[in-house]
Amino acid sequence: MTENTLNNDTTDWADEDENLSTGDLALADRAALRRVAGLSTELEDITEVEYRQLRLERVVLVGVWTEGTVQDSDASMAELKLLAETAGSEVLDALVQRRDKPDTATYIGSGKVAELRDVVISSGADTVICDGELSPGQLRQLEEKLKVKVVDRTALILDIFAQHASSREGKAQVELAQLQYMMPRLRGWGESLSRQGGGAGGSGGGGVGTRGPGETKLETDRRRIRARIAKLRREIAAMSTIRETKRGRRHSGEVPSVAIAGYTNAGKSSLLNALTGAGVLVEDALFATLDPTTRRSETPEGMPYTLTDTVGFVRHLPHQLVEAFRSTLEEVAEADLLVHVVDGSDGMPEQQVKAVREVIAEINGKRDDPMPAELLVVNKTDAVGDLTIARLRHLFPGAAFVSAHTGEGIQELRERISQLIPRPEVTVEALVPYARGEIVARIHREGEVLSEKHTEEGTELSARVHPTLAALLEQYAVGSPA
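Notes on the structure follow. Going along each chain's sequence as written, the residues are numbered from 1 onward. This being a predicted model, a pLDDT of at least 70 is required before a residue's local features are given, and a value of 80 or more before pairs of side-chain atoms are given or counted; all residues contribute to the totals for chains, interfaces and linings. Hydrogens and water molecules were not included; the side-chain quantities draw on all heavy atoms of the structure.

### A short note on the overall build of the protein
Okay, so step 1: Runs of E in the DSSP output that reach at least two residues are strands. Runs of H or I that reach at least four are helices, and both are numbered from the N terminus. Within the protein, the secondary structure is distributed over 16 helices and 13 strands.
Okay, so step 2: Think of it in three bands: residues with accessible area under 20% of the maximum for their type are buried, residues over 50% are exposed, and the middle band is partly exposed, with areas taken using a 1.4 Å probe on protein chains only. Looking at the 482 residues of the protein, the share that counts as buried comes to 45%.
Okay, so step 3: Note on contacts: a residue pair is in contact if any heavy atoms of the two residues lie within 4.5 Å. Long-range contacts, defined as pairs at least 24 residues apart, comprise 69% of the intrachain contacts of the protein with a sequence gap of at least 6.
Okay, so step 4: Reported accessibility uses the Shrake-Rupley method at a 1.4 Å probe radius. Residues are deemed covered only where the shown protein chains occlude them. When the accessible surface of the protein is split by element, carbon and sulfur atoms take 50% of a total near 24600 Å².

### Considerations on empty space enclosed by the protein
One way to see where empty space is left: roll a probe the size of a water molecule over the atoms.
Okay, so step 1: The rule is simple: put a 1 Å grid over the protein atoms alone, call a set of points where a 1.4 Å probe fits but cannot get out a cavity, call an open set with protein on both sides within 12 Å along at least five of seven lines a pocket, and count a residue as lining if it has an atom within 4 Å of a point. Grid points are joined across faces, edges and corners, and a volume is the space filled by probe spheres set on the points. Under the criterion given, the structure shown has two cavities of 30 Å³ or more.
Okay, so step 2: Approximately 30 Å³ is the volume attributed to the second largest cavity.
Okay, so step 3: Considering the residues around the second largest cavity, the lining is formed by Phe 161, Val 311, Gly 312, Leu 317, Leu 321, Val 322, Phe 325 and Leu 329.
Okay, so step 4: Following the grouping adopted for this structure description, the nonpolar residues are Ala, Val, Leu, Ile, Met, Phe, Trp, Tyr, Cys and Pro, the charged ones are Asp, Glu, Lys and Arg, and the polar ones are all others, Gly among them. Split into classes, the residues belonging to the lining of the second largest cavity amount to seven nonpolar, one polar and no charged.

### Focus: the sheet that holds strand 3 (residues 127–130)
Okay, so step 1: Strand pairing is assigned whenever DSSP identifies at least 2 bridges connecting the two strands. With parallel pairing, four strands are arranged side by side in an open sheet as 2-1-3-4. What marks the edges here is a single partner per strand, and that holds for strand 2 (90–98) and strand 4 (149–152). Averaged over all adjacent pairs, the angle separating strand axes in this sheet is 25 degrees, with direction ignored.
Okay, so step 2: Sheet topology note: the strand 3/strand 4 ladder contains four bridges and is parallel. Note that in strand 4 the partner of Cys 130 across the bridge is Asp 152.
Okay, so step 3: Sheet strands in contact with helix 3 (residues 70–86) are strand 1 (58–65), strand 2 and strand 3, and its direction is about 155 degrees off that of strand 1.
Okay, so step 4: Comment: axis = line fitted to C-alpha atoms, over the contacting stretch for helices; angle = value between 0 and 180 degrees taken between N-to-C directions. Along the sheet, helix 5 (residues 136–146) contacts strand 3 and strand 4; its crossing angle with strand 4, the most-contacted strand, is approximately 145 degrees.

### Digging into unusual backbone geometry
Okay, so step 1: Backbone geometry places Asn 265, a non-glycine residue, at a positive phi of 65 degrees.
Okay, so step 2: Along the chain, Asn 265 falls in the loop between strand 5 (257–262) and helix 9 (268–276).
Okay, so step 3: On the basis of relative accessibility, which here comes to 23%, the residue Asn 265 falls in the partly exposed class.
Okay, so step 4: You will see that Lys 380, though not glycine, has its phi angle at about 65 degrees, which is positive.
Okay, so step 5: Looking at the element boundaries, Lys 380 is found in the loop between strand 9 (373–379) and helix 13 (386–395).

### Here's the deal with the packing of aromatic side chains
Okay, so step 1: For this analysis, a ring pair means two rings from Phe, Tyr or Trp (six-membered ring only for Trp) whose centres lie within 6.5 Å, classed as stacked if their planes differ by under 30 degrees, edge-to-face if by over 60, and tilted for the remaining angles. A full pass over the atoms with the stated rule returns zero aromatic pairs.
Okay, so step 2: Against the face of Trp 65 rests Arg 98, its NZ or CZ located 4.4 Å from the ring centre.
Okay, so step 3: Sitting above the plane of the Phe 401 ring, Arg 393 keeps its charged end 4.3 Å from the centroid. Here, a charge over a ring means that NZ of Lys or CZ of Arg falls within 6 Å of the ring centre while also lying within 35 degrees of the ring normal.

### What to know about the sheet that holds strand 12 (residues 448–454)
Paired through backbone hydrogen bonds, the strands of a sheet run either parallel or antiparallel to each other.
Okay, so step 1: Taken together, three strands build an open sheet; the order of strands is 11-13-12 and the sheet is antiparallel. Edge positions in the sheet fall to strand 11 (426–433) and strand 12, since each has one partner strand and no second. Mean inter-strand twist for the sheet, computed between neighbouring axes without regard to direction, equals 15 degrees.
Okay, so step 2: Of the strands in this sheet, strand 11, strand 12 and strand 13 (458–465) are in contact with helix 15 (residues 437–446), which crosses strand 13 at around 30 degrees.

### Thoughts on the pairing of strand 7 (residues 304–309)
Okay, so step 1: Extensive coverage of strand 7 is indicated by the burial of six of its six residues.
Okay, so step 2: Here strand 7 shows two buried faces, one formed by Pro 304, Thr 306 and Thr 308 and the other by Tyr 305, Leu 307 and Asp 309.
Okay, so step 3: By the bridge criterion, four bridges tie strand 5 to strand 7 in an arrangement that is parallel. The partner of Ala 259 across the bridge, within strand 7, is Thr 308.
Okay, so step 4: As judged from the six bridges shared by strand 6 (residues 293–298) and strand 7, these two strands associate in the antiparallel manner. Residue pairing for strand 7: Ser 297 is matched across the bridge by Tyr 305.
Okay, so step 5: Connecting strand 6 to the antiparallel partner strand 7 that follows it, the hairpin turn spans five residues, and Gly 302 within it adopts a positive phi of roughly 95 degrees.

### Re the packing of helix 4 (residues 110–123) against helix 5
Okay, so step 1: Viewed as axis vectors pointing N to C, helix 4 and helix 5 meet at an angle of 50 degrees, and their least axial separation amounts to 10 Å. By the angle class used here, helix 4 and helix 5 are oblique. Note that helix 4 runs across helix 5; the crossing there is right-handed. Here Val 113, Leu 116 and Arg 117 of helix 4 come into contact with helix 5, specifically with Leu 142, Lys 145 and Leu 146.
Okay, so step 2: Grouping the constituent residues of the contact of helix 4 with helix 5 by class yields four nonpolar, no polar and two charged. When describing relative orientation, an angle under 35 degrees is termed roughly parallel and one over 145 degrees roughly antiparallel, while 65 to 115 degrees is termed roughly perpendicular and anything else oblique. Throughout, a crossing is termed right-handed when the near helix is turned clockwise from the far one, and left-handed when it is turned anticlockwise from it by less than a right angle.

### What to know about the packing of helix 6 (residues 153–164) against helix 7 (residues 168–182)
Okay, so step 1: Contact geometry for helix 6 and helix 7: axes closest at 10 Å, N-to-C directions at 155 degrees. On the basis of the axis angle, helix 6 is roughly antiparallel to helix 7. Crossing handedness for the pair helix 6 and helix 7: left-handed. Judged by residue contacts, Thr 154, Ala 155, Leu 158, Phe 161 and Ala 162 of helix 6 engage Val 174, Ala 177, Gln 178 and Tyr 181 from helix 7.
Okay, so step 2: Residues that form the contact of helix 6 with helix 7 fall into these classes: seven nonpolar, two polar and no charged.

### A short note on helix 12 (residues 349–364)
Okay, so step 1: Multiply 1.5 Å by the residue count of a helix minus one, and that product is the helix's expected span. Spanning 16 residues, helix 12 covers 23 Å between terminal C-alpha atoms, matching the ideal 22 Å at 1.5 Å per step.
Okay, so step 2: Restricting attention to buried positions, one finds in helix 12 the residues Pro 349, Gln 352, Val 353, Ala 355, Val 356, Val 359, Ile 360, Ile 363 and Asn 364. Here the buried residues of helix 12 occupy an arc of 165 degrees about the axis, which is enough to place them on one side. In this description, the arc belongs to the directions extending from the helix axis to the C-beta atoms.

See the structure below:
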């Protein structure tokens, strides 16, 4: 290969990198490295450590079916499978037990634990994932009996969030949620429960200042975690103030805000890209993007508004995450319009809608303001047939049907958003001097121009604007003294 050929190839690669969006680069970075199986030096005896990073490789799923239909139970287990695969594991088997309520000691009962142990041995699994949040006692009992690591649904979701968090605020929120989850589940064995100092003195004592009952390592860990939680809450509160300031600036400009919310992997980021060309990360995975992205867009008439992509929701979203991400999720509650995205290719889209609305109601529970108007958007219509579309239209009357992948229905969605966002409410007629061209530009940017003509004295406009801009235009009102 000649030197010129090498130079041309390098130029082509550089041009290709320049054409990649931020989301493309993030996706390439996420896929750059892969774990090599069999090279881990992690301790095999799970009782030798107090807290372990999740190592999800070969797993067996376990669920308890307490209510609902068979389809509900199957959908929950299918979602757990997707969560496990998103975390980087291989699902070997899935088991469901029908019970009135989970067993308080072992989640599935001692007899079923023995059967589960046989499945784990025969399949060669090293992890069991339970479709629910386990108590510390249930977690300890299952690990003692199964002799493999046991992870519940909450820990699994927290692990995925930890993998995908990229911003400083997102990482702090995830760490706070993990510490809150870990706090009651700290355990100690053997030397971990030895005390500092203690005794009456001599060679076995710790010397002056260390005698007495001492402090167990478990108590030390809890104290450090409490201190870290307090520090994270202060940092998140400070970052929340910055977020509120930015949101306040947008609101002070009288620019309507639209929040995109919905179930995870419903296509929210794809929809934001289709509407604004934002170029954010798009991946066929659960919780692919966690950090909210705000972009500016315009209605077909040219009126500006902001679009914010928020974190996705899921059935039984851990309470720790809702609390930790409250400042981020408030983007939804404080928007002028909520674009609720639903995955049209999902087998039970109504369950998605229910789960999202439950979380939004929880977020808005501590606020006195009413919920924003909601526009339901059924996405991924290109992945389903006409019969499914007809069923969805009956199920969600008034919803917009789009395909962010092909662009079908996007223009109609823009028009629907234009109709639903707040409009300027004050009608003014003003004659603006040519020397104040920035005011005319602001009217076009923030208001809705009804008529415009150029005269010898200046630009004469009839427009609908917000109260703050109307107050500025009073001095130029038609008929008022110059």
